[in-house]
Amino acid sequence: MKKSVILGAMTFAGLAAGAASAGTLDDVKARGKLNCGVTTGLVGFAAPNANGEWEGFDVAVCRAVAAAVLGDSNAVEFVPTTGKTRFTALASGEIDMLARNTTWTFSRDVDLKFEFVGVNYYDGQGFMVPKELGVSSAKELDGATVCIQTGTTTELNLADFFRSNNISYEPVPIETNAEAQQQYLAGACDVYTTDASGLAATRATFDDPAGHVILPEIISKEPLGPLVRHGDHEWGDVVRWSLNALVAAEELGITSANLSEMAAGTENPEINRLLGTEGTLGEMLGLSADWAKNAIAAQGNYGEIFAKNIGEDTPVGLARGLNAQWTEGGLLYAPPFR
Amino acid sequence: MSTLTDPPKEQFRLSMLLYDTRYRSGTIQVIAMFGFMLLAAWLINNTLSNLAALGKPIDFGFFSEPASYDINQRLLEYTSRDTHLRAALMGLLNTLVVAVLGCITATVLGVIIGVLRLSSNWLVARLMTIYVEMFRNVPVLLWIVFVMAILIETLPAPSAFRGESPEATMSLMDSVAVTNRGVYIPEPLFSRSLGDIHLLGQSSLRFDVSLDLIAILVVLGLSLWAAHRVTLRANRIQEATGDRPKTWHVRTAIIVGPMLVLLIALGFHLGYPALKGFNFQGGTHLRNSLIALWLALSLYTAAFIAEIVRAGIMAISKGQTEAASALGLRSNRIMRLVILPQALRVIIPPLISNYLNLTKNSSLAIAVGYMDITGTLGGITMNQTGRELECVLLLMLVYLAISLSISAVMNWYNEAVKLKER
Ligand SMILES: N[C@@H](CCC(=O)N[C@@H](CS)C(=O)NCC(=O)O)C(=O)O
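Now for a look at the structure at hand.

**Concerning the interface of chain B and chain A**
Counting from both sides, the interface comprises 48 residues of chain B and, opposite them, 49 residues of chain A. Between chain B and chain A the total buried area reaches about 4,000 Å² when both faces are included, carbon and sulfur atoms providing 61% of it. Considering only the side of chain B, the residues that lose the most area to chain A are Phe278(B), Asn383(B) and Gln384(B), jointly responsible for 17% of the buried surface there. Scanning the region where chain B abuts chain A turns up three salt bridges. Applying the counting criterion to the chain B and chain A interface returns 14 residue pairs in polar contact (both at pLDDT 80 or more). Elements represented by at least two residues in the side of chain B that touches chain A include exactly helix 2 (21–53), helix 5 (140–154), strand 9 (284–287), helix 11 (373–385) and helix 12 (388–417) of chain B. Top contributing element to the side of chain B that touches chain A by residue count: helix 2 of chain B, with seven residues. Considered class by class, the residues forming the side of chain B that touches chain A number 23 nonpolar, 17 polar and eight charged.

Structural data, given as structure tokens:
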């Protein structure tokens, strides 16, 4: 009995590890579909709309990669993952890439054997409380009950923050954002803490968003970005440069409105190389020449994706802040396409 | 004189391994065994080489690293700077707490419901049938989530207890607070406490033993022993003289007296919960995750135990009851002295497997955020360290050990009550 259980686990691990070593790019092409891990539902980042189609800021990255590789931004199978299941899903090969508000950390990159291909949102951890509590700083939260998603970096930051400020709290560990929202709104916890972007997105779905405040303290750095398995560099390059293409497109002024015009050829050689009218960048990636054009055509450039899903004119209402182009004082800086 | 010769010894031939029924089953077993070992070797080899290729060879070193996460319900002292091993220990204790509470409650409920289901009162019997069918036929996970949702949505938040005319008030003479974060009950405190002894130094498995508790247990044990001596003496007097002296007041005094003196000496008093800041402080906090899990597991398992109890009672032939009443026994004595001891023999083996099920089902704890061993070792630790294989293997060993211990205890009990054949 004991033996067979252990063997079962090993079969599982064996198969899992076996699946992980194959060439993902060829797999995706052969399958004709990209398996992309996303959240279980965080409006603005990844959630199914009324027609059951996934949309959001992270979803747009998946769609851009699918468009770059397969020429079809709808050739994506979205796999909802929780904070806890996401890494197993990626390591086991169930998904080809993960775009789920995931923080790039040393141990995830080095020890967990993943490869973060970039950052699509520079974030930090914040706290949300109901306005009626009258709390104005996170340091006043001594003794509070805090809802926290397990399996996240935010869980660790939370422990450190309260420890270093010498105040106590009662953690309520929760699996998904939806459960956290339920407990928070029912008053089973005083505070909800996670990435500030996630707080804004969660608050946007409340009946009374104005009744809740996000406290001024940002207690951590949370660079969120898409990731792939470590070791498959060809595939890592494809995802990395698809993301870079979206960022570069904004910098170079390529939008969904002028994309087809620019793809006919321009005076700017970098635009030409990016859109495939000059040079062989696509071929070097193992993709077609118009890969970046397809990626941008999917949902627009980075700025358009931001504005449409989480920008200031949406209910989520996030300002560009750190996520502006480097030319605008932000941190977005795509390496040159040459 | 002619001698009987043995039949000629048949020469052993290789084909006999297959065609001779004397050897065939042995051959098959050897081949199967060989195949199994081959498969096992292949799996282990495959796993190890794949893990090595991934750069993640099996390594339990992470156990001594700081866990870095907090655990809300901890039976021993623990901070986020403690090791993953200690975090796993907290989880293990939480698993045991809910398993023990669940088994006790499920047994009590199950016996009551099982007996009532045999009641001659039509309504009571039908209600119990509905109970059993309702709980048995809905997955336990749904019950756990359902109970939790009810606790969260229907009970008042601590803030409702605040203000001049609060919406909610504490119950039982202001000693118990029922909130949607759990139930706060009074806790025993000692103002002249004897303190604790710290065992195992600074290691991850260190724990404190309360000297107050030891004192209480020792005094209780001694008084019970003394009370027992009084009973024995009464027996002797009864045998010698035919008269049994009244002993109950002596025995009560022996048990209650020293305990009272001890409690007063230790300065025993109750600490009541009181609303302070965001939450109730003081008292013992039974978190709603614990209550939801405990309640759902008990109600669910009680339905199965009720059926086992009913089957056990019905398995005893009616003649036993009739014979006993012919001897002049009253009906509750018939149940206690004749039916139940026999029914227990039928009840205990399936009861063991229900205890095991309850314990294993407690791993659904994460659905309500209860930090059991699956939530700590198999949840956060596994997630933060990425040591899936190591954590899952250990987790299986832990559950195996718990299950085997329960089985051992129950088998021993079964042995004690089973039919003695002489
Ligand atoms: N960035 C953190 C936290 C990520 C996280 O769990 N974010 C939440 C809220 S921003 C989320 O995406 N929840 C969606 C879900 O529950 O599926 C990490 O990578 O560990």
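**Focus: the pattern of salt bridges**
If the charged atoms of two oppositely charged side chains come close together, the side chains can form a pair. All told, the structure shown has 16 salt bridges over all chains when counted by the stated rule. Where Arg320(A) meets Glu250(A), a salt bridge forms, and the shortest distance between an N and an O atom there is 2.9 Å. Within this pair, whereas Arg320(A) is found in the segment after helix 14 (302–309), its partner Glu250(A) is found in helix 9 (residues 233–252), the two being separated by 70 residues in sequence. For Glu250(A), a relative accessible area of 22% puts it in the partly exposed group. One salt bridge in this structure joins Arg22(B) and Asp20(B), with 2.8 Å as the shortest N-O distance. By sharing partners, the salt bridges in this structure join Arg117(B), Glu133(B), Arg136(B), Glu307(B) and Arg310(B) into a single network.

About the cut-offs
- Residues numbered from 1 in each chain as written.
- Chains lettered and ligands numbered in written order.
- Predicted model: local features only at pLDDT ≥ 70, side-chain atom pairs only at ≥ 80, totals over all residues.
- Heavy atoms only, no water.
- Contact = heavy atoms within 4.5 Å.
- Buried area = accessible area lost by both parts, 1.4 Å probe.
- Salt bridge = Lys/Arg side-chain N within 4 Å of Asp/Glu carboxyl O.
- Polar contact = N/O pair within 3.5 Å; in protein donor to acceptor, adjacent residues only side chain to side chain.
- Helix = DSSP H or I, 4+ residues; strand = E, 2+ residues; numbered from the N terminus.
- Nonpolar A, V, L, I, M, F, W, Y, C, P; charged D, E, K, R; others polar.
- Buried < 20%, exposed > 50% of the residue type's maximum accessible area, 1.4 Å probe, protein only.

Without other data, these values stay purely geometric and don't point to any function.
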